[in-house]
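Commentary on secondary and tertiary structure
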Amino acid sequence: MPGAPSAAPATGRGPNRRGLLLVASHTLWFWLLLPPATAIAHGQVRPTAVAATGLGTFALLYLALVAVPVADLAVPPLLSHLGLVVFAALGVGLAGAYAGGPEGWLILLTYVATAGAVGLVQPIRGFAWVGGSAAAVLVIGAAHRVPAGDITGSALITVLAGTLTLAFARTARLVEELRSTQQELARRAVEQERLRFARDLHDLLGHTLSLVVVKAEVVRRLAPTDPGRAAAEAADIERIGRTALTEVREAVTGYRDHSFGRELDGARTALAGGGVTVTVRQPGRPLPVEADDAFGWVLREGVTNVLRHSRASRCAIEVCTDADGSVLTIDDDGVGGRIAPGNGLRGLTERLARAGGELDVTAGRGGGTRLTARIPTGANGSAPG
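Keep in mind that what you see is a predicted model, and the values were worked out from it rather than measured. (Residues numbered from 1 in each chain as written. Predicted model: local features only at pLDDT ≥ 70, side-chain atom pairs only at ≥ 80, totals over all residues. Heavy atoms only, no water.)

As for the overall build of the protein
Scanning the protein for helices and strands turns up eleven helices and five strands. Within the span of the protein, comprising 385 residues, buried residues form 40% of the whole. Nonlocal contacts in the protein, meaning residues at least 24 apart in sequence, comprise 72% of its contacts between residues at least 6 apart. (Helix = DSSP H or I, 4+ residues; strand = E, 2+ residues; numbered from the N terminus. Buried < 20%, exposed > 50% of the residue type's maximum accessible area, 1.4 Å probe, protein only. Contact = heavy atoms within 4.5 Å.)

Examining the sheet that holds strand E1 (residues 277-281)
Across the sheet, five strands lie side by side as E1-E2-E3-E5-E4; this open sheet has mixed pairing. Each having just a single partner strand, E1 and strand E4 (358-363) make up the two edges of the open sheet. Neighbour-to-neighbour, the strand axes of this sheet turn through a mean angle of 10°, independent of strand direction. One ladder, built from five bridges, connects E1 with strand E2 (residues 314-322); its direction is parallel. Directly across from Val 278, in E2, lies its bridge partner Cys 315. Along the sheet face, helix H10 (residues 289-310) touches E2, strand E3 (325-332), E4 and strand E5 (369-376) and points at about 10° away from the line of E3. (Pairing = 2+ DSSP bridges. Axes fitted to C-alpha atoms, helices over the stretch in contact; angles between N-to-C directions.)

Notes on the side chain of Ser 326
Tracing the chain through its elements places Ser 326 in strand E3. Assessed through its relative accessible area of 3%, Ser 326 is described here as buried. For Ser 326, the residues in contact, after removing those within four places along its chain, are Leu 287, Pro 288, Ala 291, Phe 295, Cys 320, Thr 321, Ala 373, Arg 374 and Ile 375.

Thoughts on the packing of aromatic side chains
On inspection of all chains with the given rule, the structure shows six aromatic pairs. With 6.1 Å between their ring centres and 85° between their planes, Phe 58 and Tyr 111 make a pair best called edge-to-face. Within this pair, whereas Phe 58 is found in helix H3 (residues 48-71), its partner Tyr 111 is found in helix H5 (residues 108-119), the two being separated by 53 residues in sequence. Of the two residues, Phe 58 and Tyr 111, neither departs from the other in class, the shared state being buried. (Phe/Tyr/Trp six-rings, centres within 6.5 Å; stacked < 30°, edge-to-face > 60°.)

A short note on the pattern of salt bridges
By the definition in use, this model includes twelve salt bridges. Between Glu 238 and Arg 242 there is a salt bridge, with its nearest N and O atoms 3.0 Å apart. Of this pair, Glu 238 and Arg 242 are both found in helix H8 (residues 227-253), four residues apart, which corresponds to roughly one turn of the helix. Overlapping salt bridges bring together Lys 215, Glu 233, Asp 236 and Arg 239 as one network. (Salt bridge = Lys/Arg side-chain N within 4 Å of Asp/Glu carboxyl O.)

Looking at the side chain of Ser 154
Residue position: Ser 154 is located in helix H7 (residues 148-222). Taking relative accessible area as the criterion, Ser 154 reaches 12% and is therefore assigned buried.

Considerations on helix H6 (residues 123-143)
Between its terminal C-alpha atoms H6 stretches 30 Å, which fits the 30 Å expected from 21 residues at 1.5 Å a residue. Here H6 has its buried residues at Gly 126, Val 130, Ser 133, Ala 134, Ala 136, Val 137, Ile 140 and Gly 141. Looking straight down H6, one finds its buried side chains confined to an arc of 145°; they lie on one side. In H6, the exposed positions that point more than 90 degrees away from the buried face belong to Ile 124, Ala 128, Val 139, Ala 142 and Ala 143. (Expected span 1.5 Å × (residues − 1). Arc of directions from axis to C-beta.)

So, the pairing of E2
Along E2, the buried face is formed by Cys 315, Ile 317, Val 319 and Thr 321; none of Arg 314, Ala 316, Glu 318, Cys 320 and Asp 322, which line the opposite face, is buried. Bridging between E2 and E3 involves eight bridges; their strand directions are antiparallel. Counted as the bridge partner of Glu 318 is Thr 329 from E3. Following E2, the chain reverses through two residues before pairing antiparallel with E3.

Overview of the packing of H5 against H6
A pair of packed helices can be characterised by two numbers: the angle between their axes and the separation between those axes. At a minimum axis distance of 8 Å, the contact between H5 and H6 shows a crossing angle of 170°. In terms of orientation, H5 lies roughly antiparallel with respect to H6. For the pair H5 and H6, contact is made by Leu 109, Val 112, Ala 113 and Gly 116 and by Trp 129, Val 130, Ser 133, Ala 136, Val 137 and Ile 140, respectively. (Parallel < 35°, antiparallel > 145°, perpendicular 65-115°, else oblique.)

Some thoughts on the confidence of the model for the protein
Mean pLDDT over the protein stands at 77; residues scoring 70 or higher make up 80%. Scored below 50 in pLDDT, residues 1-16 shows 22 contacts in the model against residues more than four places distant or in partner chains. Here residues 381-385 scores under 50 on pLDDT; set against residues more than four positions off or in separate chains, the count is 19 contacts. (pLDDT = per-residue confidence, 0-100.)

Section: a nonpolar patch on the surface
Taken together, the side chains of Leu 79, Leu 82, Val 85 and Val 86 define a hydrophobic patch exposed on the protein surface, amounting to about 360 Å² of accessible area. Mapped onto the elements, Leu 82 comes out in helix H4 (residues 77-98). Leu 82 gets classed as partly exposed once you look at its relative accessible area, which sits at 49%. (Patch = residues over 30% accessible without salt bridge, like charges linked within 9 Å, V, L, I, M, F, W, Y side chains within 5 Å. Areas by Shrake-Rupley, 256 points an atom, 1.4 Å probe, with all protein chains shown as cover.)

Considerations on the packing of helix H9 (residues 260-273) against H10
Contact geometry of H9 with H10 gives a least axis separation of 8 Å together with a crossing angle of 10°. Classified by the angle their axes make, H9 and H10 are roughly parallel. In this structure, H9 uses Phe 260, Glu 263, Leu 264, Ala 267, Ala 270 and Leu 271 to contact H10, whose residues at the interface are Asp 292, Phe 295, Gly 296, Leu 299, Arg 300, Val 303, Val 306 and Leu 307. Considering only residue class, the contact of H9 with H10 consists of ten nonpolar, one polar and three charged. (Nonpolar A, V, L, I, M, F, W, Y, C, P; charged D, E, K, R; others polar.)

Describing the pairing of E3
Burial runs high along E3: seven of the eight residues are buried. By the bridge criterion, seven bridges tie E3 to E5 in an arrangement that is antiparallel. Its bridge partner being in E5, Thr 329 is matched across the sheet by Thr 372.

Here it is, written out as structure tokens:
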């Protein structure tokens, strides 16, 4: 269509607006206006000036009405509906005035139907508008004794054009809503990934830095009396730092392996280095996949809390797996009630919830703190790794 914009505004709905414009351009078949325009040019319609002005105004109004929803102009709905009413009144008036003369005037009501199909959002209103336009064709045609074949043809074209325009417009709106939903889902996915990454870094670096602090305290105590052992502890700090650097790199690239067995070995080393006696009871058979990953994170955070807050001398780590599920328990004899629900415990609760499990923090048997993680058998989902 001449004058159609080559590009839509720079929004996520641009392609759909271009699609609506394409629908509008195909509904305005200029050759359908040729018969009444030719009749005016040959002086077959009186008064000629009024008919020409009315037909020209009708075409311009049609273009304006279909451009409003396509271009998403800031037009109040009341004004848009008023424009449709004026357009329909002009179309019915022209058809009613000249349908008894030369052929082609009834086809104006096809434009009335398509304009309403583009402009009316609710399908019920759109179908009612198209049906009313077709009914107007039948009434005006019968009143002017237009041949039945011409009336039927015009009514059929009106119904088909209006219905197809409604279908295309509705499809375009649905695609627009789908694209908007996809953008919102993408935004939420980015937020969730940022939260997951922040939680992973906290779990990784919180444990490692706590271990480095414990080792550094050991080095400081041993340096005056046992330089050899202090040097060994310092070398251990270097090893831990290099391991942490590797883990952070793996976290960034998304390829990490935090198996429970690996974390259990690290927990033994960390607790022993902090002067805590460790007792471990674990099943002979391997943990389920969802429990292996989630329990690795629970063990890392639990051991970090023992080293940071508990002032414990003993820590018992127990893993049980049976037909009902898997349970990890970390029980220390330190100062109970000192573990606040910070980012670490909140992150663990979220991980276990995603794996279908739960986390409990209660008083320990030795007066300290007891951390219990449960994952039932067949739980849906898995903790994000």
